[in-house]
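Chain and residue survey
Chain by chain, the residues:
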Amino acid sequence: MYRSNIVRIIPLLLLLATGEASAHAFLDHAEPRVGNKVATAPREVTLWFTQKLEPAFSAITVTNAAGQRVDTGKTRVSGSQMSISLRPGGTGTYHVTWHVLSVDAHTTDGSFAFQVGQ
Ligand SMILES: [Cu+2]
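This is a predicted model, so every value here is computed, not measured.

Points about the pairing of strand β7 (residues 92-101)
- As paired strands, strand β4 (residues 59-63) and β7 are joined by five bridges and run antiparallel to one another. When the sheet's bridge partners are listed, valine 62 is paired in β7 with valine 96.
- Bridge analysis of β7 against strand β8 (residues 107-116) gives 10 bridges, and the strand direction is antiparallel. If you follow tyrosine 94 over to β8, its bridge partner there is phenylalanine 114.
- In textbook terms, the turn of a hairpin is the stretch between consecutive antiparallel strands, and for β7 and β8 this stretch comprises five residues, one of which, alanine 105, has a positive phi near 70°.

Next comes the structure, spelled out in structure tokens:
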């Protein structure tokens, strides 16, 4: 019957929707911390995610206040964590941009800034 099929489908959709929302890799925290101020330019940036990452499709780029890339271009992934080393880039606002592919085959991306200097 049409009506009994609907009754069975709705709980299944709710289950899928909930599983989906908790499955993606979201940024949990970062070092330097998101929006934070640090006295000197960090040697590297590390991001922690809510899920394990696929190294081949996950990367970080970092630009300094002048908009120049200051990362080395070699993102290192270990489990749910990824890092990149930085070259000296002076003071001011740094922008960190990331994209990841998590082990559930979903992609997420985002960006944040931190401050270097006074
Ligand atoms: Cu997902």
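Right, picking up where we left off after that structure.
Examining unusual backbone geometry
- Of note, the bond from glutamate 31 into proline 32 is cis; its omega dihedral lies within 30 degrees of zero at -5°.
- Its location among the elements puts proline 32 in the loop between β1 (27-31) and β2 (37-38).
- Phi angles above zero are rare outside glycine, and alanine 105 is one such case at about 70°.
- Its location among the elements puts alanine 105 in the loop between β7 and β8.
- Residue classification places alanine 105 among the exposed residues on the basis of 9 C-beta atoms within 10 Å.

As for the sheet that holds β2
- The mixed open sheet is built from four strands, whose spatial order is β2-β8-β7-β4. Because the sheet does not close on itself, it has two edges, and the strands there are β2 and β4.
- With two bridges joining them, β2 and β8 adopt parallel strand pairing. Considered in β8, the bridge of lysine 37 is made with glutamine 115.

Section: the nonpolar core
- Counting 17 residues, the largest nonpolar core has Val45, Leu47, Leu53, Ile60, Val62 and Val96 as its most contacted members.
- Those elements that provide at least two residues to this core are β3 (44-49), β4, β6 (81-85) and β7.
- The dominant element in this core, judged by the number of residues it contributes, is β7, at four residues.
- Not counting chain neighbours up to four residues away, the residues in contact with leucine 47 comprise Leu27, Ala30, Ile60, Met82 and Trp98.

Thoughts on the sheet that holds strand β5 (residues 76-78)
- The strand order β1-β3-β6-β5 describes an open sheet built from four strands, whose pairing is antiparallel. Two strands close off the open sheet at either side, each with one partner strand: β1 and β5. Along the sheet, successive strands turn relative to each other by an average axial angle of 20°, direction set aside.
- With four bridges connecting them, β1 and β3 associate as antiparallel partners. Looking across to β3, one finds that alanine 30 is bridged to leucine 47.

Re the pairing of β6
- Of the two faces of β6, only one is covered, namely that formed by Met82 and Ile84; the face formed by Gln81, Ser83 and Ser85 stays uncovered.
- In the sheet, β3 pairs with β6 via five bridges, with the strands oriented antiparallel. Along β6, the bridge assignment pairs valine 45 with isoleucine 84.
- Two strands pair when backbone bridges link them, and β5 and β6 are joined in this way by three bridges, in the antiparallel orientation. Within β6, the position partnered with arginine 76 by the bridge is serine 83.
- The hairpin turn running from β5 into β6, its antiparallel successor, is two residues long, and glycine 79 in that turn takes a positive phi close to 65°.

What counts as what
- Residues numbered from 1 in each chain as written.
- Predicted model: local features only at pLDDT ≥ 70, side-chain atom pairs only at ≥ 80, totals over all residues.
- Pairing = 2+ DSSP bridges.
- Helix = DSSP H or I, 4+ residues; strand = E, 2+ residues; numbered from the N terminus.
- Buried ≥ 20, exposed ≤ 12 C-beta atoms within 10 Å, placed from the backbone.
- Core = buried A, V, L, I, M, F, W, Y, C linked by C-beta atoms within 7 Å.
- Contact = placed C-beta atoms within 7 Å.
- Axes fitted to C-alpha atoms, helices over the stretch in contact; angles between N-to-C directions.

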